[in-house]
Structures are given as C-alpha cells and as structure tokens.
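A structural walkthrough
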Amino acid sequence: MIVNERVRKMTPLECFRLMGFTDEDFFKVQKALNETFYKGRDKANSQLYKIAGNSIIVPMLEYLFCQMFDDQNEIWV
C-alpha cells in the first residue's frame, strides 16, 4: 500500500481480512500460535503472514462458483 508516497506493509490482521477471514478467526490463530508454537516468548509476525498466504480466498472462490452454476445447479462452463 502507498500512503503519503511511502510504502506501508500490511499487518497480519489486514492480510487475514483480505483473505476473507474475520477478526475473531485471526485472534484465534494468533492465540494458538502464542500458546503452542511460541510458548509465551516474543515472536515475529512472519508465521501469521505465512498462514494467511497459504489459505484460499473464500470470497473469490464463492464468486467463481456462483458464476459456474445456474439456478438449477447445472454447470454452464
């Protein structure tokens, strides 16, 4: 993202939102990482970025499926 002619890196929360997840989903993943992987230590956001990047964009997939099927669930592609 470009803000005031400077590049701004998206936060992990923004990446999860872009992929169609809710804020609640993000905080569940973050909590699970803190409890199991990091065991309370200070951590970087790199794992959260990887998790968000390895998911499927659900809103886009939903849109594509709606375009592929008509009202009688028949594929027209």
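Residues numbered from 1 in each chain as written. Predicted model: local features only at pLDDT ≥ 70, side-chain atom pairs only at ≥ 80, totals over all residues. Heavy atoms only, no water.

The full count for this structure, using the stated rule, is three aromatic pairs. A centroid spacing of 5.6 Å and a plane angle of 55° characterise the contact between F16 and F21, whose relative ring orientation is tilted. We classify F16 as buried; its relative accessible area is 3%. Looking at F21, the relative accessible area reads 30%, which means it is partly exposed. Note on F16 and F26: the rings are 5.2 Å apart at their centroids and 70° apart in plane angle, and the pair reads as edge-to-face. Of this pair, F16 sits in helix α1 (residues 12–18) while F26 sits in helix α2 (residues 23–37), and the two are ten residues apart along the sequence. By the burial criterion, F16 is buried, and F26 matches it. An aromatic cluster of at least three residues, connected via ring pairs, comprises F16, F21, F26 and F27. (Phe/Tyr/Trp six-rings, centres within 6.5 Å; stacked < 30°, edge-to-face > 60°. Buried < 20%, exposed > 50% of the residue type's maximum accessible area, 1.4 Å probe, protein only. Helix = DSSP H or I, 4+ residues; strand = E, 2+ residues; numbered from the N terminus.)

Purely spatial values, then, with no claim about function.
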